[in-house]
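Spelled out from the first residue to the last, the chains are:
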Amino acid sequence: ETLSLEQLSTCSPAHNVCDTFDYVTCLVTEQTYKSPMEHGRSLDSCFKFESECGASAADAFCEDRGYARAKEYALIVATEGETMTIGNHAVCDPRWHGCNTFTYITCVTSVVGSN
């Protein structure tokens, strides 16, 4: 017997023609990364040192992982430890600079209804 997921009913091959799948491939369409890292350091909020901050860095992080773009993200001031930019791997030391990092980035395969 096989199970119909849509109707939650079974199909008995003794009385019906029942089709089955050899396998099912599931695609992850959305993934949230908490405290994202770049080469062992917290991901800096800027794509390059002190430029293209926020969406540019978040989108690049998602694209590097096979997603289309970032759906959402949140920033926080980095008070401990260095951060690293994703664009040119520049290191930001919070002792000398105002470094920001992401608390999370949510990546998506596509964004429906966006421009």
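Since this is a predicted model, take the numbers as computed values, not measurements.

Student: Just to check I follow, could you spell out the pairing of strand β11 (residues 100-108) for this structure?
Tutor: In summary, the side chains of a regular strand alternate between the two faces of the sheet. In terms of strand pairing, strand β3 (residues 30-34) meets β11 through 5 bridges, oriented antiparallel. Note that in β11 the partner of Q31 across the bridge is C107. Judged from the 8 bridges that link them, strand β8 (residues 69-77) and β11 form a sheet pairing that is antiparallel. Within β11, the position partnered with I76 by the bridge is T101.

Student: Help me understand the nonpolar core, please; the structure alone is not making it clear to me.
Tutor: Buried together is how nonpolar side chains tend to be arranged in soluble globular proteins. In this structure, L43, A57, A58, A60, F61, C62, Y67, A70, I86, F102, I105 and C107 together form the largest nonpolar core, which totals 12 residues. Within the residue set of this core, elements represented by two or more residues are α1 (55-64) and β11. Among the elements that make up this core, the one with the highest residue count is α1 (5 residues). Apart from residues no more than four positions distant in its own chain, C107 is found in contact with T29, E30, Q31, Y33, F61, C62, Y67, R69, A70 and K71.

Calculation criteria
- Residues numbered from 1 in each chain as written.
- Predicted model: local features only at pLDDT ≥ 70, side-chain atom pairs only at ≥ 80, totals over all residues.
- Heavy atoms only, no water.
- Pairing = 2+ DSSP bridges.
- Helix = DSSP H or I, 4+ residues; strand = E, 2+ residues; numbered from the N terminus.
- Core = buried A, V, L, I, M, F, W, Y, C linked by side-chain atoms within 4.5 Å.
- Buried < 20%, exposed > 50% of the residue type's maximum accessible area, 1.4 Å probe, protein only.
- Contact = heavy atoms within 4.5 Å.

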